[in-house]
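Structural overview
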Amino acid sequence: MNHHIPFFSLERQLSNIKNSLELQINQLLSSNQFVGGPYVDTFEKKFATYTETTHAISCNSGTDALWLSLAALEITPNSIVLTTPFSFIASSSEIAAHKAHPVFIDIDESYNICPKKIETWLKIHAIVRHDRAVHKKTGFPIAGIISVDLFGQCANYNAIKSIANDWNLWIIEDACQAVGAHIDNKKAGTFGDISCFSLYPTKNLGVCGDGGVMTTNSTQLAEKLFKLRNHGRATHYNYECQGRNSRLDAIQALIATEKLKYLDDYNDRRREIAQYYTKRLSKIPFIKTPRETVGHHVYHQYSIQVTNRKTIQEQLLEKKIETNIFYPKTLDQIPFLTPPKELATDCPIAHNTTQNILALPIWPELTDNEIKYVCSCLENSYVVNRNPRPLDTPAIAYTRGKRGCSESGLS
Ligand SMILES: Cc1ncc(COP(=O)(O)O)c(C=O)c1O
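Because the structure is predicted, anything quoted here is derived from the model rather than measured.

Looking at the sheet that holds strand E14 (residues 287-288)
Spatial strand order, E14-E15-E16: 3 strands in an open sheet with antiparallel pairing. If you trace the sheet from one side to the other, it starts and ends with E14 and strand E16 (357-360), each paired once. Across 2 bridges, E14 lies against strand E15 (residues 302-306) in antiparallel orientation. Bridging from a neighbouring strand, Ile 287 pairs with Val 306 of E15.

Structure representation (structure tokens):
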């Protein structure tokens with residue numbers, strides 16, 4: 001095969017829905033409804049139905065969804081929010097944007113925040129005063145938890161919700177990468193007091209620009225979020241709180257509504273590709289395949305761990321297969337997110353993961369043959385691991401495999 005396999009492409013997906021989108025966009029252009037209005041209302045209703053939540057409030061990015069959620073939960077400066085160090089920057093930068101402190105709790109093998117480590121941190125560092133958790137050393141209030149459903153897999157909410165309940169903490173579910181994921185038929189979007197989604201083009205439900213959504217089952221929080229995303233307005237010139245302009249454009253709402261129809265199909269195909277990758281790649285000694293430990297994973301990313309990442313990445317690129325690294329650094333290493341000494345924590349698993357992690361192409365329109373080609377190239381990589389860093393399985397030199405890429409059907 002002589003194909004270039006981009007890490008991500010929307011070309012095939014958009015060409016499948018182009019005609020229908022063009023027709024609707026033409027109608028929208030004639031309607032003169034560009035900000036707010038029926039397209040946005042329809043999307044919000046359909047998104048709430050899809051996520052099985054009472055309210056969906058759109059906004060202009062996943063980052064804003066996090067900022068607005070923290071504002072709605074009335075976070076105060078110097079509050080502490082427990083969160084994962086292994087995520088996209090926005091899951092912590094918005095805590096810092098409110099002048100509060102992210103405290104980083106290490107991940108487990110699911111790549112998500114480890115509930116046991118949250119509990120241990122609270123037991124050691126927190127006391128309860130007047131029903132509120134407080135940090136012993138600094139006296140800072142411990143407000144809540146931002147858990148991220150990383151790569152498309154929900155965090156362990158059975159455990160996280162019970163801890164939040166015991167310590168009277170709110171939860172913001174950062175489901176920006178996990179639309180359509182679920183645990184025991186409870187969808188991503190239902191686990192937080194507020195849950196946040198991104199509609200960035202590369203996401204499982206991505207539009208043609210920036211966009212975001214928040215979901216909640218609390219009418220009180222929904223009312224606040226509707227105001228906050230629109231300058232704090234209750235009615236036109238009646239400002240009740242300090243908000244911002246974070247509205248979703250009608251054109252993006254239209255695109256999101258159209259793509260929502262196919263989201264389950266897109267996610268099913270992602271799962272099919274992931275299962276095939278796991279079946280073939282788990283046999284390769286220098287590769288650790290991702291674990292599906294919590295609920296129904298929707299594989300926004302398929303991230304393996306490898307002992308000799310740079311070499312593998314270069315070898316794949318020689319075969320015109322693009323890969324990516326999510327994330328090369330933990331968030332505590334980002335200068336403006338580094339916690340003060342009293343709030344510093346150890347996150348060895350997250351740090352180690354940043355050294356080994358490698359994301360393979362996993363977009364729904366990849367063909368069976370392309371996926372098989374990626375697997376064959378990985379199998380055929382001749383890796384001389386002189387100084388391998390240990391994964392779970394010891395790294396050993398891997399020699400050329402025999403499998404080609406001529407099978408058909410991903411089974
Ligand atoms: C986990 C996570 N949180 C938040 C965001 C921010 O979303 P947006 O890019 O729409 O601002 C992203 C986007 O990549 C993300 O992956």
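Topic: the site of the ligand
Residues in close proximity to the ligand total 15 residues, the closest being Ser 61, Gly 62, Thr 63, Cys 176 and Ser 198. Among the elements of the structure, helix H3 (62-72) and helix H4 (90-97) are those that each provide at least two residues to the shell around the ligand. When the residues that make up the shell around the ligand are grouped by side-chain class, the tally is 5 nonpolar, 8 polar and 2 charged.

Points about the domain arrangement of the protein
Under the domain assignment, the protein is made up of domain 1 (11-260) and domain 2 (263-380). Placing a centre on the C-alpha atoms of domain 1 and another on those of domain 2 gives a separation of 24 Å. If you list the elements that add at least two residues to the side of domain 1 that touches domain 2, you get helix H1 (11-31), H4, strand E3 (101-104), strand E8 (182-183) and helix H8 (250-260). Among the elements that make up the side of domain 1 that touches domain 2, the one with the highest residue count is E3 (4 residues).

Overview of the sheet that holds strand E7 (residues 170-174)
The mixed open sheet is built from 7 strands, whose spatial order is E1-E11-E10-E7-E6-E2-E3. With one partner strand each, in any of the chains shown, strand E1 (55-59) and E3 form the two edges of the open sheet. Ignoring which end each strand starts from, the neighbouring axes of this sheet average 25 degrees apart. Sheet topology note: the strand E10 (residues 194-198)/strand E11 (residues 212-216) ladder contains 4 bridges and is antiparallel. Among the inter-strand pairings, Ser 195 is bridged to a residue of E11, identified as Thr 215. Set on the sheet, helix H6 (residues 157-167) makes contact with strand E6 (142-148) and E7; between it and E7 the angle comes to about 150 degrees. Against the sheet, helix H7 (residues 219-228) contacts E1, E10 and E11, and its axis sits at roughly 15 degrees relative to E1.

Overview of the nonpolar core
Counting 110 residues, the largest nonpolar core has Leu 68, Ile 145, Cys 196 and Met 214 as its most contacted members. In terms of residue count, the dominant contributor to this core is H3 (7 residues). Those residues in contact with Ile 145 that lie beyond four places of it in its chain are Val 81, Leu 82, Thr 83, Ile 118, Ile 160, Ala 164, Leu 169 and Ile 171.

Definitions and limits used
- Residues numbered from 1 in each chain as written.
- Predicted model: local features only at pLDDT ≥ 70, side-chain atom pairs only at ≥ 80, totals over all residues.
- Pairing = 2+ DSSP bridges.
- Helix = DSSP H or I, 4+ residues; strand = E, 2+ residues; numbered from the N terminus.
- Near = placed C-beta within 6 Å.
- Nonpolar A, V, L, I, M, F, W, Y, C, P; charged D, E, K, R; others polar.
- Domains from an automatic or database assignment.
- Axes fitted to C-alpha atoms, helices over the stretch in contact; angles between N-to-C directions.
- Contact = placed C-beta atoms within 7 Å.
- Core = buried A, V, L, I, M, F, W, Y, C linked by C-beta atoms within 7 Å.
- Buried ≥ 20, exposed ≤ 12 C-beta atoms within 10 Å, placed from the backbone.

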